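# Coordinate inspection notes
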Amino acid sequence: MQTGKIGVTTENIFPIIKKFLYSDHEIFLREIISNAVDATQKVKTLASLGEFKGELGDLTIRVSVDKKKKTITVSDSGVGMTADEIEKYINQIAFSGAEEFLGKYKEQSNGIIGHFGLGFYSAFMVSDNVEIITRSWRDDAKAVKWSCDGTPEYKIEDAQRDSRGTDIILHISDDSKEFLEDTKVDELLKKYCRFLPISIAFGTEKEWKDGKEIDTGKDKIINDTNPLWTRKPADLKEEDYLTFYHDLYPASEDPLFYIHLNVDYPFNLTGILYFPRIKTNFDIQKNKIQLYCNQVFVTDSVEGIVPEFLTLLHGVIDSPDIPLNVSRSYLQSDSNVKKISAHITKKVADRLQDIFKTDREQFEKKWDDLKLFINFGMITDEKFYERAEKFALLKNVDGKYFTFEEYEKLVKDNQTDKNKTLIYLYASDKVEQHSYIEAAKNRGYDVLIMDGQLDPHVINALESKLKDTRFARVDSDVVDKLIVKEDRKEVDLSNEQQSDLRSVFEGALPSEDHYWVSFEDLGENANPVVITRSEFMRRMKDMAAMSPTAGFYGNMPDSNNLVVNVAHPLVKTILKAKNDTLSGKLNEVNEKIKPVKAKLDELEKALKDKKEEEIPQTDKDAKDENQKQLEGLEGEKSTILKGFGKDYKLVKQLIDLALLANNMLKGEDLSKFVKRSLELIKPE
Ligand code: ADP
Ligand code: MG
């Protein structure tokens, strides 16, 4: 028997291993089993090279738990180790890596064990004592036993083992008892070892026979050694991909598409990614991609490792270049991981491009479900945008799909305004904005439907990418002004008439919402009153609503424009009625206003070039007095006009019609409208 000290430069690597190396103690099982897999694959390789000439035999790796002895044993028929090899691979764990690690561990408490080949020592996270009983594949090899109780001292002695391979026996410590439960071990095997390339047996198959569960005595193999992503795409059918998907995510709908990744340069990468079918709330669907390193599960929390939009995809990615058992922060900064992530983005884009090219019909059919991913990628990943702009689609209100290029061609002639800006019209709600959509279509304009949850961002992105292009929602202005092609006709109404008419309409407006009343000559065939919402204000409000700290714009009342068409005969009727009914009263007020205004003008003129401190107090007071008087009189006038507007049914009726066209007339107001309409249609 021989004793010695494990070759690390500090006395105390074990406390470090226990405390810092892994946040997850449970990965010890993965580490021990993946070593067994490595050893088994080595012996297979040696056999194929002709160096090992014996029988390979049964290569199944066996995991067993002895609750009484408090042990977990992992046995393999791999290459095994000679005493010298134990010395070299187990005892001399220092090598370069451990020293480097020990220098760093203080800062990086979430450590980097496997990176330095310290995977085996993770066993001490859960064990008081670890034994290795091993016999090398070499003909003359003797079995040896190594044991260590968690101090740097180890023991090595002769042992009995009839055949090639290794048993790792973990004496589980009291504070890790949970790992002695079969259910726990089952769970860990399922999580970490489900796709390992060598069969892993744990327990025996049970069968139901004559109402009783009987033990068949056959090994229960817990893994699929040949998972789908390791197979050749040419050998696989669509169903295989669907079955695999449902194995991974039971109770999910069929995915939209899958992508079989198979890269061997500049790094090795295989995997299958699925575009899941989801409609809303994609947050809950994140982190469904599993990362593997040579079929060993690494992690399923891929945020920061793959581009954000890909975290919405499902599936598996396997690469020997994804470092095993390291912390997340390490993974995120690893340059290989970054390259892999960029490459996956490219592959995903290529595949989408491919489907688009070869089967556009199918692509269009699935676009509504796909667009969430693609749009998300486009607004968060510059590189992806560059690729996606060739296959991303725009959909119009008639359900037709266009690429960006096609759409530009379609609307260029008819939707370019006088400043050479191309205006893309869109609706966010086909029902609510129906009358505006119709008005735009009657003009020969095309209207896009932009009702997805990311569409406001997509619009921003496109406006910054597409040259001289702006988006305008169909209800953001009267149809004549959505796309201004030439200078418009001035409104043929004096300022005073406009101001009077504004008050008349204000008198009839619903008081709870804010409206800006303005005047346009829309021609006598257009509607007399139209309600629009400024694109700018609406976007500001929408954006504010999306951010948790709704700022200034979030608190603004809804501001709508009430556009009065002065060319419409009914508006002319109102104007005439106002003049006929109110001219007496208004003239009276106007007569009073005249001298006050004249006085005010005079004062203002006199004071114009004087500095504030040169103006005598009496003049200031006189000016204030006049100002107040004028405001009072104007208020009086506006009260008269508003009173008229409120009582004159036609005004209210025209406003209600505009509200109705906008789906904004509801409840009591709607009932009143119906009643008023009936009164107005009195039989002759
Ligand atoms: P790594 O697996 O990254 O090399 P580990 O700490 O997990 O690092 O293992 C250290 C070494 O111990 C392995 O490289 C291997 O040489 C040896 N080893 C561990 N487990 C076994 C085993 N079951 N059979 C043969 N050799 C083993
Ligand atoms: Mg290992």
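Preceding block: the structure.
Described below are features of the structure shown in this document. What you see is a predicted model, and the numbers here were worked out from it, not measured in a lab.

## Topic: the overall build of the chain
Along the backbone of the chain there are 21 helices and 22 strands. Scored against the burial criterion, the 684 residues of the chain give a buried share of 48%. Counting only contacts in the chain whose residues sit at least 6 apart along the sequence, the fraction spanning at least 24 positions is 70%. Looking at the chain as shown, the accessible area adds up to about 35300 Å², and 48% of this sits on carbon and sulfur atoms.

## A short note on the side chain of N223
Its location among the elements puts N223 in the loop between strand 9 (212-221) and helix 6 (238-248). Excluding anything up to four places from it in sequence, N223 contacts C193, R194, F195, L196, I198, S199 and I200.

## Considerations on the pairing of strand 3 (residues 71-76)
With five of its six residues buried, strand 3 lies for the most part within the structure. Inspection of the sheet shows strand 2 (residues 61-66) paired to strand 3 by five bridges, in the antiparallel sense. The residue bridging R62 from the neighbouring strand is S75, located in strand 3. Counting the residues in the hairpin turn of strand 2 and strand 3 gives four residues, including K70, whose phi is positive at 55°. With six bridges connecting them, strand 3 and strand 7 (residues 165-172) associate as antiparallel partners. Paired with D76 across the bridge in strand 7 is T166.

## Remarks on the packing of aromatic side chains
Applying the stated criterion to the full structure yields 28 aromatic pairs. Seen in terms of ring centroids, Y245 and Y249 are 5.2 Å apart; in terms of plane orientation they differ by 55°. Their pairing is tilted. Given the relative accessible area of 4%, Y249 is considered buried. Seen in terms of ring centroids, F309 and F384 are 4.5 Å apart; in terms of plane orientation they differ by 40°. Their pairing is tilted.

About the cut-offs
Residues numbered from 1 in each chain as written. Chains lettered and ligands numbered in written order. Predicted model: local features only at pLDDT ≥ 70, side-chain atom pairs only at ≥ 80, totals over all residues. Heavy atoms only, no water. Helix = DSSP H or I, 4+ residues; strand = E, 2+ residues; numbered from the N terminus. Buried < 20%, exposed > 50% of the residue type's maximum accessible area, 1.4 Å probe, protein only. Contact = heavy atoms within 4.5 Å. Areas by Shrake-Rupley, 256 points an atom, 1.4 Å probe, with all protein chains shown as cover. Pairing = 2+ DSSP bridges. Phe/Tyr/Trp six-rings, centres within 6.5 Å; stacked < 30°, edge-to-face > 60°.

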